[in-house]
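Chain residues, written in single-letter form:
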Amino acid sequence: MSAATDDDPRQEKPDSMAAVAEPALPEETIREAQDELIAEFGFFDDWMDRYQYLIDLGRKLPTMPDAYLRDEFKLKGCQSQVWFVGERTGDRLVFRAVSDAAIVSGLIALLLRVYSNRTPREILETEPDFIIEIGLADHLSPTRKNGLGAMLGAIRTRARLAFEESARHP
Amino acid sequence: MSARFDVDTARKDFPILSKPVRGRRLVYLDSAGSAQKPRHVIDSVRDVYENDYANVHRGLHYLSERASARYEEARETVRAFINAPEQHEVVFTGGTTEAINLVAWSYGRSVLGPGDEVLITCAEHHSNIVPWHLVREQTGCVVKAVPVQDDGTFRLEDFARLITERTRVVSCFHVSNVLGTVLPLRDIARLAHAQGAVVVVDGAQGIVHLPVDVQELEVDFYAFSGHKLYGPSGIGVLWGRAELLEAMPPWQGGGGMIDTVTLSATTWADLPDKFEAGTPPIAQAIGLAAAIDYVSDIGIDAIARHEQEVLLYATQRLASVPGLSLVGTAAGKASVVSFVMDCAHPHDVSTIIDQYGVAVRAGHHCAQPLMDRFELSSTARASLALYNTTEDIDILVESLEKVREIFQ
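Residues numbered from 1 in each chain as written. Chains lettered and ligands numbered in written order. Predicted model: local features only at pLDDT ≥ 70, side-chain atom pairs only at ≥ 80, totals over all residues. Heavy atoms only, no water.

**Student:** How should I be thinking about the overall build of chain B in this particular structure?
**Tutor:** A tally of helices and strands in chain B yields 15 helices and 15 strands. Projected onto its principal axes, the C-alpha coordinates of chain B cover approximately 70 × 55 × 35 Å. Out of the 408 residues belonging to chain B, those deemed buried represent 59%. Pairs at least 24 residues apart make up 72% of the contacts formed inside chain B by residues separated by at least 6 positions. A distance of 4 Å separates the average location of the 35 positive side-chain charges in chain B from that of its 52 negative side-chain charges. (Helix = DSSP H or I, 4+ residues; strand = E, 2+ residues; numbered from the N terminus. Buried < 20%, exposed > 50% of the residue type's maximum accessible area, 1.4 Å probe, protein only. Contact = heavy atoms within 4.5 Å. Lys, Arg positive; Asp, Glu negative; His and termini not counted. Charge placed at Lys NZ, Arg CZ, Asp CG, Glu CD.)

And the structure:
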């Protein structure tokens, strides 16, 4: 781990996590992932069905290892509790996050499908417009404090860090 | 005071209530967060700016005198509303938070020393915890908290046990913003006074739901906000007994609060100006007086009776929602209803029912120690005001059924 990231506790890998299998290369591009989500949500006319689907996506989130369910991995600025961690795997960043609230978990699932397992450049070049296109624009409002803004911020900060790091050590 | 209160007539006084939210009737159940405003308040604020506005206590010109007169009339309206003995005991602040900070910084720092005790309760709003923690850092005092029972009641014997000869200040709510519990202030004040301690009251919720007579309560300070009492935001009140306020040093310096200033020394103005440094919230104070006139015209007793009827209905209807638990069921509680559901996080509950035009608060309600006590991270809270109806409760309960459908 380079010195540039040492001051960020979210980069520290707890001992119990040392042997996590490296995820496979993504099957779809970052653009395809967004288009697919937009298509999936486009299937529902009713807001209730959209929420139901969002909640189902959240329920399928992989569980967070206990080692990460600590205060230092908790995101500030969310009304519900959100634990978030970003790890570098080769040239890609892999994010894990969970929440104790179901809708927030669904929003996490959306973000991870698009932003996790991508290169820092891909992450930084991708605006979260797909959230608006799937009819959840409300949640993007910074005053909603539902964690989406905080999570997007954390994802981008992590990507910027990794990007600057690779620029220094190509 | 009118004996009969007609909620449908009263609702027409609040312009925002007739504006649909997401195409539906607005069911506003977040008045403990901030109440909506009647036209009478909105008009009075506009009237000040259109007819009588200038800085107060500064100019000798016509408009300054008009504004000063209306500002001081507002002080008298507040005095009469809480039956304070003297007008100059009423200090205008920015809100309850600033009022409590004033007491903590001015009174607390003057009288507290190492080992002296400040007694709060475990259900205080952060604005009645953090100021005392800050003063603790400066003075070395000790902050203790009275525990709460499972149903949200507080036992007077716990106050009796925890108020000791080291207690200098007892600072507690009148009505809990989460539990709705009403504290027996006069009994607490008598215990405190017997040990030589003063009683500071966070009346942010109490002033809205109960008749407040500071002399009858026998407390020493009573703080409240305008915006929860149907008045403007940015205005609050600290009432304090004159002999205490007179002995207290100012906590903020500036214009308006001085008698004389030389380059080496300042002498203070008399009460209440000593505590009103800088240009005060002029139109907001006048708007608060309009809100008090509005509430007094209906009658705070009539409002309380109406709220209690809707509270009883809400308690019964919510009890019938499977998997829903009420947090805070003390006898004689005010119309603040916190609850949790076994199928969904409070954040999820409020997001879903918002789609039905129902506004509740979800979160820790700035009372994290209380959440810890009940081992909750947050609750949903429906708080009732004079304009809420049983129909609002029906819509709330229907929307909670939808929550169950979605999350089961």
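Having seen the model, we can carry on.
**Student:** Just checking my understanding: could you explain the packing of aromatic side chains for this structure?
**Tutor:** For any pair of aromatic rings, the description rests on two quantities: the centre-to-centre distance and the angle between the ring planes. Applying the stated criterion across every chain yields a total of 17 aromatic pairs over all chains. The interplanar angle of 75 degrees and the centroid separation of 5.6 Å between the aromatic rings of Phe 43 of chain A and Phe 44 of chain A together place this pair among those described as edge-to-face. Residue class for Phe 43 of chain A comes out exposed when judged on its relative accessible area of 68%. Judged by centre distance (5.1 Å) and plane angle (55 degrees), the ring pair of Tyr 49 of chain B and Tyr 53 of chain B falls under tilted. (Phe/Tyr/Trp six-rings, centres within 6.5 Å; stacked < 30°, edge-to-face > 60°.)

**Student:** In this structure, what is going on with the environment of His 133 of chain B? I would like to understand it.
**Tutor:** In this structure, His 133 of chain B sits in helix H5 (residues 130-139). Sequence separation between His 133 of chain B and Val 143 of chain B is 10 residues, and the spatial gap between their C-alpha atoms is 7.2 Å.

**Student:** Whenever I open this one, the sheet that holds strand E4 (residues 142-146) of chain B confuses me. Can you help?
**Tutor:** Sheet strands pair via backbone hydrogen bonds, and the direction of the pair is either parallel or antiparallel. Residue and element names in this part refer to chain B. The sheet built from 7 strands is open, its strands ordered E2-E8-E7-E6-E5-E3-E4 with mixed pairing. With partners counted over all chains shown, the strands left at the sheet margins are strand E2 (90-93) and E4, one partner each. Going from strand to strand, the sheet's axes swing by 20 degrees on average, the running direction of each strand aside. Of the pairings in the sheet, the one linking strand E3 (residues 117-121) to E4 comprises 5 bridges and is parallel in character. Each residue of the ladder has a partner; that of Leu 119, found in E4, is Lys 144. Lying on the sheet, helix H3 (residues 62-81) is in contact with E2, strand E7 (221-225) and strand E8 (236-240); it crosses E2 at an angle near 115 degrees. Running over the sheet, helix H4 (residues 96-111) touches E2, strand E5 (167-173), strand E6 (198-202), E7 and E8 and is turned about 155 degrees from E7. (Pairing = 2+ DSSP bridges. Axes fitted to C-alpha atoms, helices over the stretch in contact; angles between N-to-C directions.)

**Student:** Looking at this model, I keep getting lost on the sheet that holds strand E11 (residues 324-327) of chain B. Mind explaining?
**Tutor:** Residue and element names in this part refer to chain B. Reading across from one edge, E11-E12-E15-E14 is the order of the 4 strands in this open sheet, with antiparallel pairing throughout. Each of the sheet's edge strands pairs with one partner strand only, and the pair in question is E11 and strand E14 (361-363). When strand polarity is set aside, the average angle formed by the axes of neighbouring strands in this sheet is 30 degrees. Judged from the 3 bridges that link them, E14 and strand E15 (residues 379-383) form a sheet pairing that is antiparallel. By the bridge assignment, Ala 362 is partnered in E15 with Ala 380. Strand contacts of helix H15 (residues 390-407): E11, strand E12 (336-341) and E15, with the helix running at about 15 degrees to E12, the strand carrying the most contacts.

**Student:** For this particular structure, what's the right way to read unusual backbone geometry?
**Tutor:** Residue and element names in this part refer to chain B. Here the residue pair Leu 271 and Pro 272 is connected by a cis peptide bond, since its omega of -5 degrees sits within 30 degrees of zero. Of note, Pro 272 is situated in the loop between strand E10 (266-268) and helix H11 (282-298). Even without being glycine, Glu 218 reaches a positive phi, approximately 60 degrees. Inspection of the secondary structure assignment puts Glu 218 in the loop between helix H9 (214-217) and E7. Note on Glu 218: relative accessible area 27%, which makes it partly exposed.

**Student:** How should the pairing of strand E1 (residues 82-89) of chain A be read in this particular structure?
**Tutor:** Each regular strand displays side chains that alternate between the two surfaces of the sheet. All names here are of chain A. Among the 8 residues of E1, 7 are classified as buried, and the element is accordingly described as predominantly covered. Two elements, E1 and strand E2 (residues 92-99), share 8 bridges in a ladder whose sense is antiparallel. Residue pairing for E2: Thr 89 is matched across the bridge by Arg 92. With antiparallel pairing between neighbouring strands as the criterion, E1 and E2 make up a hairpin whose turn holds 2 residues, including Gly 90 at a positive phi of roughly 65 degrees.

**Student:** What is the right way to look at the nonpolar core in this model?
**Tutor:** What tends to happen in soluble globular proteins is that the nonpolar side chains get buried as a cluster. Among the nonpolar cores identified, the biggest contains 76 residues, and Ile 82, Tyr 222 and Leu 386 of chain B are the most heavily contacted of them. A total of 10 residues in this core trace back to one element, the largest contributor, which is H11 of chain B. In this view, Tyr 222 of chain B contacts His 174, Leu 185, Val 201, Gly 203, Gly 206, Ile 207, Val 212, Val 214, Leu 217, Val 237, Leu 238 and Trp 239 of chain B; residues no more than four positions away in its chain are not counted. Residues Leu 37, Tyr 53, Ala 101 and Ala 159 of chain A belong to the second largest nonpolar core, which totals 75 residues. (Core = buried A, V, L, I, M, F, W, Y, C linked by side-chain atoms within 4.5 Å.)

**Student:** Would you mind going over H5 of chain B with me for this structure?
**Tutor:** Because each turn of an α-helix spans 3.6 residues, side chains separated by three or four positions end up pointing in the same direction. All names here are of chain B. Taken residue by residue, H5 has Pro 131, Trp 132, Val 135 and Thr 139 as its buried positions. With its buried residues spanning 95 degrees around the axis, H5 presents them on a single face. Buried residues along H5 sit against H4, E3, E4, E5 and E6. Backbone geometry just after H5 places Gly 140 at a positive phi near 80 degrees. (Arc of directions from axis to C-beta.)

**Student:** Any chance you could explain the interface of chain A and chain B here in plain terms?
**Tutor:** On the chain B side, the residues contacting the 19 residues of chain A number 15 residues. A buried area of about 1,500 Å², summed over both sides, lies between chain A and chain B, and 57% of it is on carbon and sulfur atoms. In this structure, the connection of chain A to chain B is made through 0 salt bridges. Taken together, the links from chain A to chain B amount to 6 residue pairs in polar contact (both at pLDDT 80 or more). Contributions of two or more residues to the side of chain A that touches chain B are made by helix H2 (47-59) and helix H3 (102-115) of chain A. Each residue belonging to the side of chain A that touches chain B can be placed in one class, and the counts come to 8 nonpolar, 6 polar and 5 charged. (Buried area = accessible area lost by both parts, 1.4 Å probe. Salt bridge = Lys/Arg side-chain N within 4 Å of Asp/Glu carboxyl O. Polar contact = N/O pair within 3.5 Å; in protein donor to acceptor, adjacent residues only side chain to side chain. Nonpolar A, V, L, I, M, F, W, Y, C, P; charged D, E, K, R; others polar.)

It is worth stressing that arrangement in space is one thing and function is another; only the former is reported here.
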